[in-house]
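# A structural walkthrough
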Amino acid sequence: MHLHLRDGGMLETVGPLSAETFAGAVIMPNLVPPVDELQKCLAYRERIQAACKSEAFEPFMTLFFRQYSRSELEAAKSHIIGIKLYPDGITTNSEGGVRKIADAEDTIALMEETGIPLLVHGETGDFVMDREERFLEVYDHLARKFPKLRIVMEHITTQGAVKLLDQHANLFATVTLHHLIITLDDVAGGFLRPHLFCKPIAKRPEDREALLQAALSAHPKLSFGSDSAPHPQSKKECCGCAAGVFTAPIALQMLAELFDKHDRLPNLQAFVSDNAVKNYSVRPPAKKVLLTKQPSEVPEAYGDVVPMCAGEQIGWSVEKITD
Ligand code: NCD
Ligand code: ZN
C-alpha cells in the first residue's frame, strides 16, 4: 500500500521492481500535473499496467484531492480506492493541495456519502518535527465530524498518531519500513544521508518504538505502506535534496529481517497483507512470496535510483514467487 510509481522513464524503471514482490499497491496521484480527473487516472492505470508487465499486480488507483462534484465522485467510485489529500506544498509534488481543511469539507462530506475513503498526508506547516503531531487534531476533527468516512492516516511517524488510531473506529493508518528502522539521528545526526530524507521526517526513538510495537503486534488498523518514493540520484545527491526513500524492491526482505529479529515473524503476513486487504477493502491477485533467512546484497542503484541501504547486506532474501 502507498506507493509512488511516477511516470515515463521512471515508471519503466520502478514499476516492474515494485510489481515483482507485491500483489497490489495504492498508487499515489502526485504526478506533475496531478492525477485529478477520472480520465487521467484511467490512462495512468494503463501506463502502469503496461510498465509493470505483471498480471499478478493490481494498481489500486487514487485521485489527488480537489473540490469534486457529486457526479464526479459517483463516476470515479468504482475505479478508485480513495482520494489522497495533500496540504498545499507540504511534500514532493503537492502544490495545489489543500490550504484550509474547512474549505475541503464539502467534498469530504460528499465522499462520506458516496463511500470513498479519504487518504491523508497529515502534516501542518509548523516546525518540521511537530508537523504530524499538530495535524492530529485535524484527524480527530474529521473522524468525529464524518463518522462514516473511512480515513487513512498515511505513513504515520509519531507515538501520538499510534494512540489516536484506537480512539476512532473510522481511523486507519499505514507505516513505512524506514520509519520502523530509522530516527532523525540516522538522517542528520552524523553525515547528512540524503537517501533517508523523506516527509514526514523520521522522528525520535520513542516514536519509532511506538510504531515498531504497533507493527510487530500486527495492530489490526495498521498496515504496511512502503511510501517507496523514487527520485533520480541527481535530485537526491544535490543542494536541495528531494524528499523520498526508495524501498520497494527490498521492503519485504527487510521487514522479514525486522520481524525475525523481534521474534514476530508470524505477524508479518497480517501487517503486510491481511490488514491492508481489510482496511482498504481491496482484493489483490493471489501471490505467494517465499522469504528465506539467506543474506542478500542491496544493489548500489536500480537504474538512476539509489535505494535505502544501497550496497549493504540484509539477512533475508526472496527465494521464490508464485501466483
Ligand atoms: C513522496 C514523493 O516523493 O512523492 N515523498 C516523501 O518524502 N514521502 C511524497 C509523500 O508521500 O510525502
Ligand atoms: Zn507518499
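Residues numbered from 1 in each chain as written. Chains lettered and ligands numbered in written order. Predicted model: local features only at pLDDT ≥ 70, side-chain atom pairs only at ≥ 80, totals over all residues. Heavy atoms only, no water.

### As for helix 2 (residues 38-52)
Stated formally: The numbering of helices and of strands both runs from the N terminus, where a helix is a DSSP run of H or I of at least 4 residues and a strand a run of E of at least 2. Expected helix span is computed as 1.5 Å times (number of residues minus one). The rule is simple: take the accessible area with a 1.4 Å probe, protein chains only, and divide by the maximum for that residue type; under 20% is buried, over 50% is exposed, in between is partly exposed. Directions from the helix axis toward the C-beta atoms define the arc. In what follows, a contact means two residues having at least one pair of non-hydrogen atoms within 4.5 Å.
Helix length check: helix 2 (15 residues) gives 21 Å between terminal C-alpha atoms against 21 Å at 1.5 Å per residue, within 8%. Considered for burial, the residues of helix 2 that qualify are L38, C41, Y44, I48, A51 and C52. Taken down its axis, helix 2 places every buried residue within 145° of arc, on the same side. Across helix 2 from its buried face, at more than 90 degrees, point the exposed residues Q39, E46 and A50. The inward-facing, buried residues of helix 2 contact helix 1 (8-21), strand 1 (24-27), strand 2 (58-64) and helix 3 (70-76). Once helix 2 ends, the next one or two residues include K53, with phi positive near 50°.

### Re the site of ligand 1
To keep things clear, this is the line we draw: Put simply, a residue is near a molecule or strand once any heavy atom of it comes within 4 Å of that molecule or strand. Here a polar contact is taken to be a pair of N or O atoms separated by no more than 3.5 Å, where protein atoms must pair a possible hydrogen donor with a possible acceptor and residues adjacent in sequence count only if both atoms sit in side chains. Surface accessibility follows the Shrake-Rupley procedure with a 1.4 Å probe radius. Residue values consider only the protein chains on display as shielding. Residues were grouped as follows: Ala, Val, Leu, Ile, Met, Phe, Trp, Tyr, Cys and Pro as nonpolar; Asp, Glu, Lys and Arg as charged; and all remaining residues, including Gly, as polar.
The full set close to ligand 1 counts 15 residues, and R6, N30, T91, K199 and D227 are the nearest of them. The side chain of R6 places a nitrogen or oxygen atom 2.7 Å from an oxygen atom of ligand 1. A distance of 2.7 Å is found between an oxygen atom of ligand 1 and a side-chain nitrogen or oxygen belonging to T91. Taken by itself ligand 1 offers 320 Å² of open surface, and the protein chains cover 100% of this. Looking at the shell around ligand 1 residue by residue, the class counts come to three nonpolar, nine polar and three charged.

### A few points about the environment of A214
Summarising the element assignment, A214 is placed in helix 9 (residues 205-216). A214 sits in the buried class, given a relative accessible area of 7%. Considered as a pair, A214 and K40 are 174 residues apart in the sequence and their alpha carbons are 36 Å apart. The contact partners of A214, leaving out residues within four places of it in the chain, are V162, H219 and L222.

### Observations concerning the coordination of the zinc ion (ligand 2)
Around a metal, the perfect tetrahedron of four donors has angles of 109.5 degrees, and the perfect octahedron of six donors has angles of 90 or 180 degrees. Here is the rule we go by: Any nitrogen, oxygen or sulfur atom within 2.8 Å of a metal ion counts as a donor, with the limit raised to 3.2 Å for Na, K and Ca, and since water is left out, coordination shells can look unfinished.
Every protein donor of the zinc ion (ligand 2) is accounted for by H2 (NE2), H4 (NE2) and D227 (OD), and the metal-donor separations fall at 2.0 to 2.1 Å. In terms of primary sequence, the donors binding the zinc ion (ligand 2) are separated according to H-x1-H-x222-D.

### Description of the sheet that holds strand 1
Quick note on the threshold: Strand pairing requires that DSSP identify at least two bridges connecting the strands. Here an angle of 0 to 180 degrees is reported between the N-to-C directions of two axes, which are lines fitted to C-alpha atoms, with helices fitted over the stretch in contact.
As summarised here, the arrangement of the seven strands in space is 1-2-3-4-5-6-7, forming an open sheet in which the pairing is parallel. Edge strands, defined here as strands with exactly one partner in the open sheet, are strand 1 and strand 7 (222-224). Averaged over neighbouring strand pairs, the angle between their axes works out to 30° when direction is ignored. Here strand 2 pairs with strand 3 (residues 82-85) via three bridges, running parallel. Bridge pairing in strand 3 places L63 opposite I83. Strands in contact with helix 4 (residues 101-114) are strand 3 and strand 4 (118-120); relative to strand 3, the strand with the most contacts, it is inclined by about 175°.

### Considering the pairing of strand 1
A two-sided burial pattern is seen for strand 1, the buried positions comprising G24 and V26 on one face and A25 and I27 on the other. Direction of pairing for strand 1 relative to strand 2: parallel, over a ladder of four bridges. In the strand pairing of strand 2, A25 is matched with P59.

### Points about the environment of T62
Note that T62 resides in strand 2. Residue T62 is classed as buried on the basis of its relative accessible area, which comes to 1%. Separated by 54 residues in sequence, T62 and G8 have C-alpha atoms that sit 18 Å apart. Leave out the neighbours within four places in its chain, and T62 touches V26, I27, M28, P29, V35, C41, I80, I81, G82 and L119. At 2.6 Å, the side chain of T62 and the backbone oxygen of I27 are in polar contact.

### Re the packing of helix 1 against helix 2
This is how it is decided: Roughly parallel refers to an angle under 35 degrees, roughly antiparallel to one over 145, roughly perpendicular to one between 65 and 115, and oblique to any angle outside these ranges.
At a minimum axis separation of 8 Å, helix 1 and helix 2 run at an interaxial angle of 70°. Relative to helix 2, helix 1 is oriented roughly perpendicular. For the pair helix 1 and helix 2, contact is made by L11, E12, G15, P16 and A19 and by Y44, R47, I48, A51 and C52, respectively. Along the lines of polarity and charge, the residues of the contact of helix 1 with helix 2 split into seven nonpolar, one polar and two charged.

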